[in-house]
Amino acid sequence: MTKPQLTIYLAAPRGFCAGVDRAIKIVEMAIEKWGAPVYVRHEIVHNKFVVDSLRDKGAVFVEELHECPDDRPVIFSAHGVPKSVPAAAAKREMVFVDATCPLVSKVHIEAERHYENGLQMIMIGHAGHPETLGTMGQLPEGEVLLVETVDDVAKVDVRDPSKLAFVTQTTLSVDDTIDIVAALRDRFPAIVGPHKEDICYATTNRQEAVKAIAPDCDALLVVGAPNSSNSKRLVEVAAKNGCNYAQLVQRATEIDWRALGEIRSLGITAGASAPEVLVNEVIDAFRERFDVTVEMVETAKENVEFKVPRVLRVPA
């Protein structure tokens, strides 16, 4: 029986960003240097496949520092941690390595600089997300106020409207954030913004690639984890840009074939913490059912690389 024709538009850039790549390397190099087990506070990146493969190599994932023994190294996740966490590790004389993405660290430094200049911070982000908790935890209680939506801006209660600055989570929807920033500037004309956009290059690039393919796709799949902020934003961007069916899948086994129906064109992308092996697995699943033609749609080139911390580059 002849398979139906399917054109797959493969978004580029997609998948691993430099911060995720660095964080995974940090765990692997720590295991190599100090042997197993190496403890990791929180998922190093939001991807089950990555976490499971690092666990197989000797990483032990915990939610809080008190779950780690004093005599084993601990790594802090790419999302960043409140200041209290490294302080507690230092107090216990633990060996610790910070795998916070340098672009998240940039936001932390920005927040501290504004605080030192006497400004109260407003953070645009998602409540409870590790990155938001980490950034808010850089400053004393009450110094960072969180807004998630344009409506929140109208309700936020600030100390002094003339002494404010804002930062954003690095993995937000670029378009949604523009609206929230506009609302902030409208209500607080004196508010100070970042010198350069806080939303990271990888988040922006992946969203732009999805915008380029979404109008031509009957359906679009984002390979990523349900707790990955940047992956969920890609689904929203696809839906807002003309794709009638956009879905997040962790693995090929999660594809809802019935919902896809008789599609003729499909977009595929991957969140910043999803490895390419999972993208290939999804494409192979479609090859079993369709006569597939793959077209790469590249909207930007990425050549960013972040060094791992020095402690891992010197012998034990």
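The paragraphs below set out a description of the structure included in this document.

Rules used in this analysis
- Residues numbered from 1 in each chain as written.
- Predicted model: local features only at pLDDT ≥ 70, side-chain atom pairs only at ≥ 80, totals over all residues.
- Heavy atoms only, no water.
- Helix = DSSP H or I, 4+ residues; strand = E, 2+ residues; numbered from the N terminus.
- Rg over C-alpha atoms; globule rule 2.2 N^0.38 Å.
- Buried < 20%, exposed > 50% of the residue type's maximum accessible area, 1.4 Å probe, protein only.
- Contact = heavy atoms within 4.5 Å.
- Areas by Shrake-Rupley, 256 points an atom, 1.4 Å probe, with all protein chains shown as cover.
- Phe/Tyr/Trp six-rings, centres within 6.5 Å; stacked < 30°, edge-to-face > 60°.
- Lys NZ or Arg CZ within 6 Å of the ring centre and 35° of its normal.
- Pairing = 2+ DSSP bridges.
- Axes fitted to C-alpha atoms, helices over the stretch in contact; angles between N-to-C directions.
- Parallel < 35°, antiparallel > 145°, perpendicular 65-115°, else oblique.
- Nonpolar A, V, L, I, M, F, W, Y, C, P; charged D, E, K, R; others polar.
- Right-handed = clockwise from strand over helix to strand, strands pointing away.
- Core = buried A, V, L, I, M, F, W, Y, C linked by side-chain atoms within 4.5 Å.
- Expected span 1.5 Å × (residues − 1).
- Arc of directions from axis to C-beta.

**Here we look at the overall build of the protein chain**
Then, in step 1: Looking only at helices and strands, the protein chain has twelve helices and twelve strands in total.
Then, in step 2: Here the protein chain has a C-alpha radius of gyration of 21 Å; the compact-globule value for 316 residues is 20 Å, and the two agree.
Then, in step 3: Counting across all 316 residues of the protein chain, residues that qualify as buried make up 53%.
Then, in step 4: For the protein chain, contacts bridging at least 24 residues in sequence account for 76% of all contacts bridging at least 6.
Then, in step 5: Total accessible area computed for the protein chain in this model is approximately 14,800 Å², and 51% of it derives from carbon and sulfur atoms.

**Some remarks on the packing of aromatic side chains**
Aromatic ring pairs are reported here in terms of the distance separating the ring centres and the angle at which the planes meet.
Then, in step 1: Applying the stated rule across the entire model yields three aromatic pairs.
Then, in step 2: Ring-pair connections join several aromatic residues into one group, and the members of that group are Trp257, Phe286 and Phe290.
Then, in step 3: The ring of Trp257 has Arg289 sitting right over it, with the charged end atom 3.8 Å from the ring centre.

**What about the pairing of strand β8 (residues 164-168)?**
Then, in step 1: Taken across its five residues, β8 has five buried, putting it largely inside the fold.
Then, in step 2: Taking every second residue as pointing to the same face, both faces of β8 are buried, with Leu164, Phe166 and Thr168 on one and Ala165 and Val167 on the other.
Then, in step 3: With five bridges joining them, strand β6 (residues 120-124) and β8 adopt parallel strand pairing. In the sheet register, Ile124 faces β8, and the bridge partner there is Thr168.

**Regarding the packing of helix α1 (residues 18-34) against helix α2 (residues 48-57)**
Then, in step 1: Closest axis-to-axis distance for the α1/α2 pair is 10 Å, and the angle between their directions is 10°. As judged from the angle between their axes, α1 and α2 are roughly parallel. In this structure, α1 uses Ile24, Val27, Glu28 and Ile31 to contact α2, whose residues at the interface are Val50, Leu54 and Lys57.
Then, in step 2: In terms of residue class, the contact of α1 with α2 is made up of five nonpolar, no polar and two charged.

**Description of the sheet that holds strand β10 (residues 246-249)**
Then, in step 1: Reading across the sheet, the five strands line up as β10-β9-β11-β1-β12 and stay open at both edges, with parallel pairing between neighbours. For this open sheet the edge positions go to β10 and β12 (291-298), each flanked by a neighbour on one side alone. Sheet twist, expressed as the mean angle between neighbouring strand axes with direction ignored, is 25°.
Then, in step 2: Of the pairings in the sheet, the one linking strand β1 (residues 5-12) to β12 comprises eight bridges and is parallel in character. Looking at the pairing, Tyr9 lines up with Glu295 of β12.

**Brief notes about the pairing of β10**
Then, in step 1: The sheet contact formed by strand β9 (residues 219-223) and β10 spans four bridges and is parallel. Across the sheet, the residue bridging to Leu221 is Gln247, located in β10.
Then, in step 2: Following the chain from β9 across helix α9 (residues 229-240) to the adjacent parallel β10, one finds a crossover that is right-handed.

**What to know about the nonpolar core**
For soluble globular proteins, nonpolar side chains are generally found buried alongside one another.
Then, in step 1: Among the nonpolar cores identified, the biggest contains 31 residues, and Val27, Ile44, Leu54 and Ile75 are the most heavily contacted of them.
Then, in step 2: Contributing elements (two or more residues each) for this core: α1, β2 (38-41), α2, β3 (59-62) and α4 (102-116).
Then, in step 3: With eight residues, the top contributor of residues to this core is α1.
Then, in step 4: Apart from residues lying up to four places away in sequence, Val27 is in contact with Val40, Ile44, Leu54, Ala59 and Ile75.
Then, in step 5: Counting residues in hydrophobic clusters, the runner-up holds 24 residues, among them Leu221, Leu266, Ile268 and Val282.

**Details of the sheet that holds β8**
By way of backbone hydrogen bonds, the strands of a sheet pair with one another, either parallel or antiparallel.
Then, in step 1: Reading across the sheet, the three strands line up as β7-β6-β8 and stay open at both edges, with parallel pairing between neighbours. Looking at strand neighbours, the two that pair on one side only are β7 (144-147) and β8, the edges of this open sheet. Shown here is a sheet whose adjacent strand axes are inclined to one another by a mean of 30°, direction ignored.
Then, in step 2: In terms of strand pairing, β6 meets β7 through four bridges, oriented parallel. Residue pairing in the sheet places Ile122 in a bridge with Leu145 of β7.
Then, in step 3: Across the sheet, α4 is in contact with β6 and β8; its angle to β8 comes to roughly 175°.
Then, in step 4: Sitting on the sheet, helix α7 (residues 174-187) touches β6, β7 and β8, and the angle it makes with β6 is about 150°.

**Observations concerning α4**
Then, in step 1: In a regular helix each residue adds 1.5 Å, so 15 residues correspond to 21 Å; α4 covers 21 Å between its end C-alpha atoms and thus fits that length.
Then, in step 2: Those residues of α4 that fall on the buried side of the exposure criterion are Leu103, Val104, Val107, His108, Glu110, Ala111 and His114. Projected onto a plane normal to the axis of α4, the buried residues spread over an arc of 160° and lie on a single side. Within α4, the exposed residues directed more than 90 degrees away from the buried face are Ile109 and Glu116.
Then, in step 3: Each element contacted by the buried residues of α4 is listed here: β6, α5 (130-136), β8 and α8 (201-213).

Worth remembering: the numbers are spatial, not functional.
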